[in-house]
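# An overview of the molecular structure
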Amino acid sequence: MTINYDTSVGADGSAHDSNLATPSAAATKIAIIGAGMTGLMSAHLLEQAFANCGQALDISIFEKSAGVGRLATRYRNPDLHSEQQWQFDFGAQFFTAKSEAFQAYLQPWLKQGVIECWLATTATANGSQSKPDIELTGHWGNEQPRYISSPKMTSFGRALAAELKHTKLYYKTRVAPLSSDNSVNQNSPDTAAQTTLWDDKGNELGRFDWVVCTAPQAQAIELFEQTDFALLDNLKLPKMLACYSLMLGWEQESTLPSALKKAQWEVLEVKQMNSPLGLIFIEHHKPGREAILPSVTIHASNDWSESKVEEAIEEVQQQLLQAAQQLLSWEHTTAPQWIDCHRWRYAATAQIESYNPSQISYVDNSKQWLVTGDWCDEGRIESCFKAAAQVVEAIAT
Ligand SMILES: Cc1cc2nc3c(=O)[nH]c(=O)nc-3n(C[C@H](O)[C@H](O)[C@H](O)COP(=O)(O)OP(=O)(O)OC[C@H]3O[C@@H](n4cnc5c(N)ncnc54)[C@H](O)[C@@H]3O)c2cc1C
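Figured I'd write up the structure that's included with this text. Nothing here was measured: the structure is a model prediction, and the numbers come from that model.

Attention now goes to the packing of helix 2 (residues 37-52) against helix 4 (residues 154-163). Look at helix 2 against helix 4: their axes get within 9 Å of each other, and the N-to-C directions meet at 30 degrees. In terms of their interaxial angle, helix 2 and helix 4 are classed as roughly parallel. For the element pair helix 2 and helix 4, the recorded crossing hand is left-handed. Here Met-37, Leu-40, Met-41 and His-44 of helix 2 come into contact with helix 4, specifically with Gly-157, Leu-160, Ala-161 and Glu-163.

Given below as structure tokens:
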């Protein structure tokens, strides 16, 4: 498969066109908007389904950023000459597989070592913010394993992308909002609908039999707002919540504050009243991450993050830092040498009343448009798999 990082296109978009797939006439052409786990798993499952019934397939995935979705890893070196680095999985830290279907899907990736089980030791922080009380609570067991991807959380997405055979990936390509004019033929009973997509610079991206949108909710609404997509109102029902990730790095174990130096836990749930902190993860205690410099990722609680979503990131960082310092009680000599903060506007899905787990994709069959993503379900990586399975159900059966 081709991975295209080059976004330099001619004014007429010709460079783009030359990179697009040149399918056989019979191949079903599918555009997927978004190369997060939903987009990548959709492509992967579609390829399997079409191969099983011997049909030709030609998928293009368009991703506006330079990498794969909300699985995110950030590296930092303390200085230019240092080979050692901090490593933060500042999006999803791990994922679960509750359904048998997802467990079965993960087996080959487990065998290949792309993902592995994380049987973390857990603890909770109670007490007041000025007098915290940290207590060990146990281990994540084998009965419902948590998985991480190795050597970093983005590895799974990259491995999925590398596995795709009938899919071209176009990074740094933002699909422009659709209009009802994008879709042609939908009024003819003999011809299936086709949709022409454009990028935000006005370059044509191709004409497709199906358009599958896996963008986060707000971006999906923006993409379809100017169309007569039959299910537009349904897209507005789920509510997404923000999350701030605070990343802290120390140059050596010896300068860690004692709460971290002596920590027997890898995951700490903060339950203190009024604390902005949600979960704390010790990155260098995860399996396979032993070589990284001491690195800690803290996810703020979703409710607190949502209430601060429009605040300046520097102020949010300061508030999180203060809470983290109180809990982990560092002094001048044991303070982190690296501090960074990231705002995720669309990190989790709040439960909605109309939620129906068997219906997590919105399909307009007359136009052959489908909108889905983790936000249509529970906002987890397993939701991406469920969404991808529904993409296959709508298109390949
Ligand atoms: C802080 C945090 C913690 C989390 N913790 C967990 C956890 O513990 N366990 C768990 O299972 N899950 C967790 N998650 C959720 C998990 O990361 C998501 O469920 C999953 O990554 C979502 O994948 P997706 O493909 O549905 O969406 P995304 O990853 O958001 O992918 C959608 C893609 O669409 C692209 N896009 C949008 N608009 C356009 C456009 N116009 N043109 C082209 N591309 C576009 C975006 O750039 C994006 O890459 C967490 C997420 C966050 C942020």
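Next comes the rest of the account.
If you check the shell around the ligand, you find 38 residues, and the closest are Gly-34, Gly-36, Gly-69, Ala-215 and Arg-380. Counting residues per element, the ones that place at least two in the shell around the ligand are helix 2, helix 5 (217-224), strand 16 (239-249), strand 20 (338-350) and helix 10 (381-396). Summarising the domain contributions, the shell around the ligand has at least three residues from each of domain 1 (3-69 + 156-238 + 355-396) and domain 2 (74-152 + 239-350).

Relative orientation of the contacting elements helix 2 and helix 10 amounts to 40 degrees, with a least axis distance of 8 Å. In terms of orientation, helix 2 and helix 10 fall into the oblique class. Seen from above, helix 2 lies across helix 10 with right-handed handedness. Along the contact surface, helix 2 presents Met-37, Thr-38, Met-41, Ser-42, Leu-45, Leu-46, Ala-49 and Phe-50, while helix 10 presents Ile-381, Cys-384, Phe-385, Ala-387, Ala-388, Ala-389, Val-391, Val-392, Ile-395 and Ala-396. Per-class residue counts for the contact of helix 2 with helix 10 are 16 nonpolar, two polar and no charged.

Another aspect to go through is the nonpolar core. Counting residues in each nonpolar core, the largest one holds 101 residues, and the members touching the most others are Ile-30, Ala-31, Leu-46, Val-212, Leu-320 and Ala-324. Counting only domains with at least three residues in this core, you end up with domain 1 (3-69 + 156-238 + 355-396) and domain 2 (74-152 + 239-350). Not counting residues up to four positions away in its chain, the partners in contact with Ala-324 are Leu-246, Leu-248, Leu-277 and Ile-298.

Burial along strand 13 (residues 194-198) is one-sided: Thr-195 and Leu-197 are buried, and none of Gln-194, Thr-196 and Trp-198, which face the opposite way, are. The pairing of strand 13 with strand 14 (residues 204-208) spans four bridges and is classified as antiparallel. Paired with Trp-198 across the two strands is Glu-204, which belongs to strand 14. Here strand 13 folds back onto strand 14, and the loop between the two strands holds five residues, one of which, Gly-202, carries a positive phi near 90 degrees.

Glancing now at the sheet that holds strand 8 (residues 121-127). The seven strands are arranged 9-8-17-18-19-16-20 in an open sheet whose pairing can be described as mixed. For this open sheet the edge positions go to strand 9 (132-139) and strand 20, each flanked by a neighbour on one side alone. Sheet twist, expressed as the mean angle between neighbouring strand axes with direction ignored, is 20 degrees. Note that strand 8 and strand 9 share seven bridges and pair antiparallel. Residue Thr-124 lies in a different strand from strand 9, and its bridge partner there is Glu-135. Against the sheet, helix 9 (residues 313-328) makes contact with strand 8, strand 9, strand 16, strand 17 (267-270), strand 18 (277-282), strand 19 (295-300) and strand 20, and its axis sits at roughly 60 degrees relative to strand 16, the strand it touches most.

What follows deals with the sheet that holds strand 10 (residues 146-149). What holds strands together in a sheet is hydrogen bonding between their backbones, with the strands either parallel or antiparallel. Spatially, three strands are ordered 6-10-7 in an open sheet, and the strand pairing comes out antiparallel. Either end of the sheet is taken by a strand with one partner, and the two such strands are strand 6 (95-96) and strand 7 (115-117). As defined by bridge partners, strand 7 adjoins strand 10 across three bridges and the pair is classed as antiparallel. Looking across to strand 10, one finds that Cys-117 is bridged to Tyr-147.

Here the amide bond leading from Ser-150 into Pro-151 is cis, since omega sits at 0 degrees, within 30 degrees of zero. Tracing the chain through its elements places Pro-151 in the loop between strand 10 and helix 4. Even without glycine at this site, Ser-329 takes up a positive phi of about 40 degrees. Using a count of 13 C-beta atoms within 10 Å as the deciding quantity, one classes Ser-329 as partly exposed.

Once that is clear, we can look at the environment of Val-175. Relative to the helices and strands, Val-175 resides in the loop between strand 11 (167-170) and strand 12 (183-184). The sequence separation of Val-175 and Leu-197 amounts to 22 residues, and the corresponding C-alpha distance is 7.0 Å. Setting aside chain neighbours within four positions, we find Val-175 in contact with Ile-33, Phe-62, Leu-197, Asp-199, Leu-205 and Leu-223.

The next thing to look at is the environment of Trp-304. Assignment of secondary structure puts Trp-304 in helix 8 (residues 302-307). A residue is classified by how many C-beta atoms lie within 10 Å of it, and Trp-304, with 21 of them, is buried. Once the C-alpha coordinates of Trp-304 and Lys-386 are considered, the two residues, 82 residues apart in sequence, prove to be 29 Å apart.

The rules behind the values
Residues numbered from 1 in each chain as written. Predicted model: local features only at pLDDT ≥ 70, side-chain atom pairs only at ≥ 80, totals over all residues. Axes fitted to C-alpha atoms, helices over the stretch in contact; angles between N-to-C directions. Helix = DSSP H or I, 4+ residues; strand = E, 2+ residues; numbered from the N terminus. Parallel < 35°, antiparallel > 145°, perpendicular 65-115°, else oblique. Left-handed = near helix turned anticlockwise from the far one by under 90°. Contact = placed C-beta atoms within 7 Å. Near = placed C-beta within 6 Å. Domains from an automatic or database assignment. Nonpolar A, V, L, I, M, F, W, Y, C, P; charged D, E, K, R; others polar. Core = buried A, V, L, I, M, F, W, Y, C linked by C-beta atoms within 7 Å. Buried ≥ 20, exposed ≤ 12 C-beta atoms within 10 Å, placed from the backbone. Pairing = 2+ DSSP bridges.

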